[in-house]
Amino acid sequence: MLVNMKELLADAEKGDYAVGSFSVANMEMVLGVIKAAEELNAPVILQIAEVRLKQSPLEIIGPLMVAAAKSARVPVAVHFDHGKTMEKISQALEIGFTSVMFDGSHLPLDENIEMTKKVIEKAKQYGAAVEAEIGCVGGSEDGSEDIAINCTRPEDAVRFEKETGVDALAIAIGNAHGNYKSTPKLRFDILSEVDSLTETPLVLHGGTGITPEDFVRCSKTGIKKINIATATFDKVESTVRKCYNENRINGYYDLQGAEVEGAYQNAKTHILIFGTDNKA
């Protein structure tokens, strides 16, 4: 069933776990994530980032994501990730996404706050939740930039929460988008401080390559939404490659099945780590 992300994060707060937010690029990935969620009786979030729309146009992938959520046997929120423009954020809301993110992390804090408030006003008209980001998560969603990590200042998080009332807040604690070049060293001191000073559910971007132990520690320290993008795409590609190498693809529908399987295995792995199984 299609639900608001705010509900899922509130339940995660009470249950002391994190909800996986899985980036998708086509129908096969959507089917794989939903299959894992239904099998494990887990709530999930389907998401797509604005930077990915040149490969997966929002007017095509968006209705598909919403339809999949509505027909699922478990709660599914549909989220527009890293929204940069009001035009695309508005389009996602119009399509029926139940949450949107405005990424103003590159802006001065005052400007980020003002723009986030405008997005919140817009989202209210649709009953949708809003996520924002402060501090700079390293890398970039499409791997085109090598953005330096700039950890979130706890006092900025306090001010941001107070002035915007945002529903979810992504913070930078040494995490980065894409594949890590070395094992990430997360700043749990910053996470603990932000968690103790704020009440807003926190979000971890750049989940690929973080250890299961660190994921669990994050979920117990205020992180209630964990984004998984690169791991999804990598697992789908490697599953397809493996099937070709083992001569298990004898036509298009075998290829399609391999893509679904890759997304399913990746979602299943992360749902179990995050502790979201049997929480639907």
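Positions within a chain are numbered from 1, following the residues in the order the chain's sequence is written. Local features in this predicted model are restricted to residues whose pLDDT is 70 or higher, and side-chain atom pairs enter the listing and the counts only when it is 80 or higher, whereas totals over whole chains, interfaces and linings include all residues. Note that the side-chain values use all heavy atoms of the structure and ignore hydrogens as well as water.

Some points on the sheet that holds strand E3 (residues 76-83)
- A pair of strands is labelled paired if DSSP reports no fewer than 2 bridges between them. Starting at the N terminus, helices and strands are each numbered in turn, a helix being any DSSP run of H or I of at least four residues and a strand any DSSP run of E of at least two. Spatially, the 8 strands close up into a barrel ordered E1-E2-E3-E4-E5-E6-E7-E8, and their pairing is parallel. Strand-to-strand, the axes of this sheet are offset by a mean angle of 25°, without reference to chain direction.
- Examined bridge by bridge, strand E2 (residues 44-49) and E3 share 6 bridges and lie parallel to one another. Note on E3: the bridge partner recorded for Gln 47 is His 79.
- The contact criterion used is simple: two residues touch if any of their non-hydrogen atoms lie within 4.5 Å. All axes are obtained by fitting lines to C-alpha atoms, using only the stretch in contact for helices, and the reported angles, taken between N-to-C directions, cover 0 to 180 degrees. Packed on one face of the sheet, helix H1 (residues 5-15) meets strand E1 (19-23), E2, E3, strand E4 (99-102), strand E5 (129-134), strand E6 (168-171) and strand E8 (223-228) and runs near 120° to E8.

A short note on helix H2 (residues 27-40)
- For a helix, the expected span equals 1.5 Å multiplied by the number of residues minus one. Taking 1.5 Å of rise per residue, the 14 residues of H2 would be expected to cover 20 Å, and the 20 Å separating its terminal C-alpha atoms lies within 8% of that figure.
- Looking at the buried residues of H2, the elements they touch are E1, E2, helix H3 (58-71), E3, helix H9 (230-245) and helix H10 (252-274).
- Phi for Asn 41, located one or two positions after H2, is positive at around 55°.

Focus: the nonpolar core
- By nonpolar core is meant a set of buried Ala, Val, Leu, Ile, Met, Phe, Trp, Tyr and Cys residues that side-chain atoms within 4.5 Å join together. Each residue's exposure class comes from its accessible area (1.4 Å probe, protein chains only) as a fraction of the maximum for that residue type: buried when under 20%, exposed when over 50%, partly exposed otherwise. Of all hydrophobic cores here, the largest spans 67 residues; its most connected members are Met 65, Phe 80, Phe 97, Val 100 and Leu 169.
- Ranked by residue count, the leading element in this core is H2, at 7 residues.
- When sequence neighbours within four positions are dropped, the list of residues in contact with Phe 80 reads Ile 48, Ala 49, Glu 50, Leu 53, Leu 58, Lys 88, Ile 89, Ala 92, Phe 97, Ser 99, Val 100 and Met 101.

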